[in-house]
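Coordinate inspection notes
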Amino acid sequence: MSPLNDDKDSITSSFYLTKQTSFRIAMKQRIGVYICHCGGNISDYVDVEQLSKLIANEDNVVISKDVMFACSDSTQKDMVQDINDQKLDAIVVASCTPKLHTHTFRNVAIRAGLNPYNYTQVNVREQCSWAHSDKPMDATIKAYGLIRAGINRVKYSEALENIEITAQKAVGVIGAGISGMRAAVDLARMGNHVYLIEKEANVGGRVAESGKLFMTGENGKDVIDRLYKRIKEIPEITVFTNANLDKVSGSIGDFTLEVSVKDEALKLNVGAVLVTTGFDFYQPKEGEYGYKLSDNVITLQQFNKLIETSNDKLVYNGNAIKSVAYIYCVGSRQSKGENKYCSRQCCSAAIHSSLNVHEKFSGVKAFHLYRDIRTYGKQELLYTESSRKGDIYIKYEEKEPPAVEVKNNKTVITVKDYLTYKKELSFDVDLVVLVTGMVPRSDSNDISSKLKIPTGSDRFFNEIHPKLKPVETVIKGVYIGGTCQGPKNITESVQSSLAAASKINTILRKGTLELEPIVARVNAETCLWCEKCAAVCEYDAIKPIESNGKMIAQVNTSTCVGCGICGPVCPSNSIEIVQFTDNEIESMIDGFMEKAEINTKQDSQENEISSGKQIKLNGFPKIWREIASALDDKTLTIPQLSEQLGVESNVLTWHLMTMNRYGVVEPAGLDEDEAYYMYKLKK
Amino acid sequence: MPENISNKYDAVVIGGGIAGQETALNLADMDYKVLLVEKELSIGGKMIQLSKVFPTLDCAACITTPKMSETARHPNITLMLNTDVIETVKTNGHFDITLNIRPRYVDEALCTGCQQCEWVCPKVVEDSYNSNMVGRKAISIPFSLANPKIAAIDMEQCLHCKKCEKVCVPKAIDYNMQPKRVNVEATSVIVSTGFNLFKPKNKPQYGYGKYPNVIDAMQMDRLIAPTRPYNSLLRPGDGKVPDNIAYILCTGSRDSSIENAMGCSAECSNNPICSQICCMYSIKQAQLLMGALPLADITIYYMDIRAFGKGYEEFYQQAKSMGVNFIKGKVAKVTPKEDNSGNLILRYEDVATGKLKEVKHDLVVLSVGVLPNSGIVKTFTNQKLELDDQRFIKQVDELVSPSLTSIEGVFVAGTAAGPKDIPDSILSAGSAASEAASYIKRFSN
Amino acid sequence: METQEFKPRILVFSTDKISDPGIDQAGLRKIHYSPSVYTISIPCSSGIKPRWILHAFEQGFDGVFIAADGTECSYSSKCSEHTNSIIVEAQKIMKERNINTKRIRMAAICSVCAEPFVNHISTFSKILQDLGSIKNEIAEHKAPSLS
Ligand SMILES: Cc1cc2nc3c(=O)[nH]c(=O)nc-3n(C[C@H](O)[C@H](O)[C@H](O)COP(=O)(O)OP(=O)(O)OC[C@H]3O[C@@H](n4cnc5c(N)ncnc54)[C@H](O)[C@@H]3O)c2cc1C
Ligand code: SF4
Ligand code: SF4
Ligand code: SF4
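Quantities reported herein were computed from a predicted structural model and do not represent experimental measurements.

1. Digging into the interface of chain C and chain B
Each side of the interface is counted separately: chain C has nine residues, and chain B has 13 residues. Across the interface of chain C and chain B, roughly 1,100 Å² is buried in total on both sides, 57% from carbon and sulfur atoms. Contact with chain B buries surface across chain C, with L28(C), E72(C) and V112(C) losing the most and accounting together for 43% of the total. The interface formed by chain C and chain B contains one salt bridge. The shortest N-O distance in the salt bridge between R228(B) and E115(C) comes to 3.1 Å. Remark: the boundary between chain C and chain B carries one residue pair in polar contact (both at pLDDT 80 or more). Its residues placed into classes, the side of chain C that touches chain B shows four nonpolar, two polar and three charged.

Pasting the structure below:
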């Protein structure tokens, strides 16, 4: 202990240093310590035998052993026996990184009837013997500190049980578009009850309103009918239409959704919620490319309806349409505007519409005014097909957008074509189609505030992480799928909502949920409910509760993720994460710094090791030996070596870099002017 | 492989890339027994080779390695590495699968991954993890992030000097290890065999394989990764720090001229579709290069920039504002500069001006596309696993059930069904798991 | 190998999922760094309490290095901000106690950032060498302790 620490009476200079007063726990008295040789990986550098003798003298240590392979079956069996015979109440294993064997040794503890959290792993390989293989003496001293820290920590360790909560095997799916409908089917097939909650009178969302769909050519309405038929055959799915989500309470495993269906108020108890509320189409502003100013400017959705409903001839407002100009990226990719993002599916959608026109009506000319054609993946085939059909593609740039004007009853487009050296083109067309993008639904704020789902800078709902947790939100048990998360086509929307269905099933399948016990806890005596912790917690895990006549913070252990962000902000130091308490962390620091009485017979060992590790090049490729002798005491660049040895420079690079990798040579600085590194032999 | 493992599984997942791992984990978390079959020595797929990943620029390893260890450790997942599927037969609603585990010549149960053997081994071979830009030893751990971290011997290259055997403390090396046949029975099969990269030699006008400073994008991802093969970011031709780098987009994608040029087979045939990832990975690499070599010029030659996903357009605009040079133009030819400098001349048609231009670069990166890897279909013998026109696994109900294939009980995940980036591969894996779980459930009640 | 009379002792706070594996990589690849560096791994760098940092100085650590997750943090997108404010808070107290505020340092370390980690440590060691032992500062100024 530091001499300063005994000075109990002094005042703290800052409230951030307050010592915690409660959470006292019984220190572990009978600790077993196992130090691994790792077949030389550790013991070649760290004097594990000496350490195990020294550690045996530590307070509260009952057994201290050095073992050849701690993870081997036989050692594990010995540990179990030691725990039982010696009535050990905690164990420390000093071996490799905790990422490898934490679970192995936790299981050893469990097999011996010891709580798995009364075990501490000390990393004396990756962070000691290997990292300091150049200095075995120092590595031994460090290992001693690391092990003492581990012992100190385990003294304060607490037996913890996984948090078990009951989970309703029921899911609320908000929004019955294709994503929600499709997820409902699988959630039910996997054994959950599903409440499919739709605001409108009909299910099917935007797909139900669509005609022919890319890439399969199916009809939107048919697709929805087929899916709806399937839903009606599954008794575990209850569909509510004209239903409004009023209120959400509870947390993972046990949410209550208050829903009003027409005049009826329902309370639905669900274990998880999947939000699939979809998107809105961007509405062009009046005057945007002549929208609303000219009758001949319509959106792609309006145009698709027109294609659907016209027979034989494409007629709009009584006029036969013989030429169409599609203007792309309307409401998307606005570098100065609100919608900076690309709406992903509109390029393919527009080209697909153009192909539908060609298929249904003959002699309609198409001009596509685009910025980049983004028919990614197999959708490229649509683009190829449209080019083959003679569609004309004109590239404009955002800074010089096309102009749409009505002149002498004609709709005239003027645009600079970046495909023909910015030549200005002017032509008239019968119809202008604005290829509008996707925007978040106008009512998405309502949903996000009821469910506490954060939105991103694009205003769509935000996942936790695009790769690690793409359908999860920071609210445990609340998932997002489909276009409410961002623009997607149908396949992609379904994929994301089914991915969410998978995740939901993994948590609900058993009816009970086991969560790791590494969570925050509050000291009821000292907590003042200043709300600072609740303000930083991104998981909505902290709520006030009354206790002994005052308000204090309460942690919801089922939503807390144990990040510890709340810890440092508490002015009275009343909140902490188990396993990372002040006692544990500070006693580790003490352990590192205690003086080590280590025998320094090491000099000889050090020499032995350095010579033992010297790479002998006998038997190695001839060119290695040539490079080595050319370098000798010199530093040379690759071109210099290449010339000297008469070896092609790429072959030389390959070998030299391999030698660098295996510690034969090393870089010796960069020749800035020439932009070549110099290399020397590694001593 | 663990001998005592039962040979009945709810699902067999073929291919341990990000999609395969994600599918296996989802199913295993639902308490289904999963066998994950991988042909390489480690799971991880293409993603474990990458540097950082768009659009968040987080490091690929930070995302994959925890997934890999979760997969390897999961009590419901059995890993079978270095393994080929020989045959899959559907009988009475389940699948009988014959597998062949190739020998790695190191006992998995004993090897501690200490690499002592690797240091003493005198035989240097190509390191495929680093796209052959550097060597490794005939015995080695496949790569530093491999899981499992166990050595293997490249027997074709081994000199039988027995140096490794002498230094291996746990006596893990066994030169006489034999291949092993295993039969397993499964309720469902998930195909997540990923994709192949276009082989840039099949586009001879770009000079890959002829000029050492023309590399492909996977090589560039390795060069900028923290686990890179060289001491710094250097070009492989002569170890120079590059300062004027060109990207040629759509190499081997959106291209129907390949067959004609080469007159070759499926390996390198026409690829009329877009590979969906190369625009973005090139922009990503350009941003990373700007960070690593602040003075370097970076030019991207493109047809269209396809930055379509969440946050991608913003990522593209950011690259532009950082000073990455974007030129719309098709590159016709790459030739070496005649002065032995290792530099290259690019000839292209500049769309903005309509002129043919020639420019010098000191490193050229080919943004190669995605080709199908669907050899696995041959192993389905009594029912046909169909392919689509581009020879990806056919999605028979693409809009409503994207993971269904032509065989009931066989599902597809990730890039095996078509080009995808990582976020999309992960989602498609989740959806395959959902379909598979719903299917398996039918049999369990 | 030159021998330094003063080898600064550094406490590193790393994170379980990202920076600690990065530090492991340095060991795995035998990229050496000073053996007077000790690491404590926690879930997220935003959970480091200033009192732990102060405790380290009082116990004789010459510097504290925070190996943060930066944008890769899986808990909070505001992780860097949070960690920064912890450092600011710690530095306030350090100032009150005449501990040089340069004795604390943060950098984002990814799970394969072996070389960057080693480079950061060696730069930091140099800074600390110039500052000298913490004992001088703590002894000079009899500070009040943790209550
Ligand atoms: C240079 C480059 C950079 C990239 N950068 C990014 C990026 O920054 N961001 C991003 O989102 N995406 C990026 N990608 C795309 C990313 O690599 C893919 O999206 C992802 O790897 C696809 O995962 P997968 O699992 O489908 O396929 P793969 O990674 O190919 O995995 C397939 C697995 O199956 C195994 N396998 C194959 N056949 C068999 C068989 N017959 N039996 C058993 N096993 C088999 C393979 O060995 C492999 O392990 C990049 C791609 C490249 C080429
Ligand atoms: S540990 Fe994290 S999730 Fe838990 S209460 Fe604190 S801030 Fe919230
Ligand atoms: S085979 Fe032996 S020497 Fe090689 S890594 Fe495995 S344990 Fe080490
Ligand atoms: S993603 Fe970009 S580079 Fe790749 S094929 Fe498509 S358009 Fe070409």
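Here the narrative resumes, following the displayed structure.
2. Concerning the domain arrangement of chain A
By a widespread convention, an interface's size corresponds to the accessible area lost as its parts come together. Split into domains, chain A comes out as domain 1 (8-162), domain 2 (170-278 + 441-513), domain 3 (282-437), domain 4 (519-577) and domain 5 (607-681). On a C-alpha basis, the centroid separation for the pair domain 3 of chain A and domain 5 of chain A is 61 Å.

3. Let's talk about the site of ligand 1
Residues and elements named next belong to chain B. Ligand 1 sits among 37 residues. The nearest are E38, K46, T415, K420 and I422. The separation between an oxygen atom of ligand 1 and a polar side-chain atom of E38 is 2.5 Å. At 3.5 Å, a backbone N or O of D421 approaches an oxygen atom of ligand 1. Against a free-state accessible area of 1,000 Å², the protein chains account for coverage of 96% of ligand 1. Secondary-structure elements contributing two or more residues to the shell around ligand 1 are α1 (18-29), β3 (52-53), β13 (195-197), α5 (217-224), α7 (278-292) and α9 (422-444). Tallied by class, the residues present in the shell around ligand 1 amount to 17 nonpolar, eleven polar and nine charged. Residues lining the shell around ligand 1 come from more than one domain, with at least three contributed by each of domain 1 (8-101 + 179-194 + 373-444) and domain 3 (198-370).

4. A short note on the pairing of strand β17 (residues 323-330) of chain A
Residues and elements named next belong to chain A. Taking burial as the measure, the eight residues of β17 include eight buried ones, the bulk of the element. As judged from the five bridges shared by β17 and strand β18 (residues 365-370), these two strands associate in the parallel manner. Bridge pairing in β18 places S323 opposite K365. Regarding the hand of the β-α-β motif, the stretch spanning β17, helix α10 (residues 346-360) and β18 is right-handed.

5. Things to note about the interface of chain B and chain A
With 99 residues of chain B in contact, the opposing surface of chain A contributes 95 residues. Carbon and sulfur atoms supply 55% of the area buried between chain B and chain A, which totals about 7,700 Å² over both sides. On the surface where chain B and chain A come into contact, there are 14 salt bridges. Across the salt bridge formed by D397(B) and R226(A), the nearest N and O atoms sit 3.1 Å from each other. Scanning the region where chain B abuts chain A turns up 48 residue pairs in polar contact (both at pLDDT 80 or more). In terms of residues, the side of chain B that touches chain A owes the most to one element, α9(B), which gives 15 residues.

6. Quick word on the environment of V435(A)
Residues and elements named next belong to chain A. Along the chain, V435 turns up in strand β23 (residues 431-436). The spacing of V435 and I351 is 84 residues in sequence and 10.0 Å in space, taken between C-alpha atoms. Beyond its immediate chain neighbours, meaning those up to four positions away, V435 contacts L300, Y326, I327, Y328, C329, V330, C346 and A350.

7. What about the sheet that holds strand β9 (residues 243-251) of chain A?
Residues and elements named next belong to chain A. Strand order in this open sheet of three strands is β9-β10-β11, and the pairing throughout is antiparallel. Edge positions in the open sheet fall to β9 and β11 (264-270), since each of these has one partner strand only. Neighbour-to-neighbour, the strand axes of this sheet turn through a mean angle of 20°, independent of strand direction.

8. Things to note about α10(A)
Counted at 1.5 Å a residue, the expected span for α10(A) with its 15 residues is 21 Å, and the 21 Å between its end C-alpha atoms agrees. For α10(A), the tally of buried residues reaches 13 of 15 residues, placing the bulk of the element in the interior.

9. Topic: the site of ligand 4
Residue and element names in this part refer to chain B. Close contacts around ligand 4 come from L249, C250, S253, R254, C274, S275, Q276, I277, C278, C279, D304 and R306, and that covers them all. For the shell around ligand 4, the elements supplying multiple residues, two or more each, are β15 (244-251) and α7. Grouping the amino acids of the shell around ligand 4 by side-chain chemistry returns six nonpolar, three polar and three charged.

10. Considering the confidence of the model for chain A
Residue and element names in this part refer to chain A. On average, chain A scores 91 in pLDDT, and the residues at 70 or more come to 94%. For residues 1-14, every residue scores under 50 in pLDDT, and the model assigns this stretch 26 contacts once sequence neighbours within four places are set aside. Here residues 602-614 scores under 50 on pLDDT; set against residues more than four positions off or in separate chains, the count is 17 contacts.

11. Points about the sheet that holds strand β21 (residues 410-417) of chain A
Residues and elements named next belong to chain A. Pairing is antiparallel in the open sheet, where three strands are placed in the order β20-β21-β22. Strands at the two margins of the open sheet, each flanked by one partner only, are β20 (403-407) and β22 (423-429). Neighbour-to-neighbour, the strand axes of this sheet turn through a mean angle of 25°, independent of strand direction. Taken together, the seven bridges between β21 and β22 define a ladder with antiparallel strand orientation. Residue pairing in the sheet places T414 in a bridge with S426 of β22.

12. A short note on the domain arrangement of chain B
Residues and elements named next belong to chain B. The domain architecture assigned to chain B consists of domain 1 (8-101 + 179-194 + 373-444), domain 2 (103-176) and domain 3 (198-370). The distance between the C-alpha centroids of domain 1 and domain 3 comes to 31 Å. Counting residues at the interface gives 17 residues for domain 1, matched by 22 residues for domain 3. Taken together, the two surfaces of domain 1 and domain 3 that pack against each other cover about 1,700 Å², and 70% of this comes from carbon and sulfur. Our count for the contact surface shared by domain 1 and domain 3 stands at five residue pairs in polar contact (both at pLDDT 80 or more). When contributions to the side of domain 1 that touches domain 3 are tallied by element, the ones reaching two or more residues are β3 and α9. For the side of domain 1 that touches domain 3, the per-class residue count stands at eight nonpolar, three polar and six charged.

13. So, the packing of aromatic side chains
Summed over all chains, the structure comprises 27 aromatic pairs over all chains. Seen in terms of ring centroids, Y341(A) and F460(A) are 5.4 Å apart; in terms of plane orientation they differ by 75°. Their pairing is edge-to-face. Of this pair, Y341(A) sits in the loop between β17 and α10 while F460(A) sits in the loop between α12 (444-451) and β25 (478-480), placing them 119 residues apart in sequence. Clustering of aromatic rings is evident, with ring pairs tying together Y376(A), F54(B), F308(B) and Y312(B). If you follow K137(B) out to its NZ or CZ, it ends over the ring of Y662(A), 4.2 Å from the centre. Lying over the aromatic face of Y206(B), K203(B) brings its terminal NZ or CZ to 5.9 Å of the ring centre.

14. Section: the packing of α1(B) against helix α2 (residues 60-73) of chain B
Residue and element names in this part refer to chain B. Running from amino to carboxyl end, α1 crosses α2 at an angle of 45°, the nearest separation of the two axes being 10 Å. Overall, the two elements α1 and α2 adopt an arrangement that is oblique. Handedness of the α1/α2 crossing: left-handed. Contact residues: α1 offers I18, Q21, E22 and L25, while α2 offers T64, K67, M68, E70 and T71. For the contact of α1 with α2, the residue count by class is three nonpolar, three polar and three charged.

What counts, and where the lines are drawn
Residues numbered from 1 in each chain as written. Chains lettered and ligands numbered in written order. Predicted model: local features only at pLDDT ≥ 70, side-chain atom pairs only at ≥ 80, totals over all residues. Heavy atoms only, no water. Contact = heavy atoms within 4.5 Å. Buried area = accessible area lost by both parts, 1.4 Å probe. Salt bridge = Lys/Arg side-chain N within 4 Å of Asp/Glu carboxyl O. Polar contact = N/O pair within 3.5 Å; in protein donor to acceptor, adjacent residues only side chain to side chain. Nonpolar A, V, L, I, M, F, W, Y, C, P; charged D, E, K, R; others polar. Domains from an automatic or database assignment. Near = heavy atom within 4 Å. Areas by Shrake-Rupley, 256 points an atom, 1.4 Å probe, with all protein chains shown as cover. Helix = DSSP H or I, 4+ residues; strand = E, 2+ residues; numbered from the N terminus. Buried < 20%, exposed > 50% of the residue type's maximum accessible area, 1.4 Å probe, protein only. Pairing = 2+ DSSP bridges. Right-handed = clockwise from strand over helix to strand, strands pointing away. Axes fitted to C-alpha atoms, helices over the stretch in contact; angles between N-to-C directions. Expected span 1.5 Å × (residues − 1). pLDDT = per-residue confidence, 0-100. Phe/Tyr/Trp six-rings, centres within 6.5 Å; stacked < 30°, edge-to-face > 60°. Lys NZ or Arg CZ within 6 Å of the ring centre and 35° of its normal. Parallel < 35°, antiparallel > 145°, perpendicular 65-115°, else oblique. Left-handed = near helix turned anticlockwise from the far one by under 90°.

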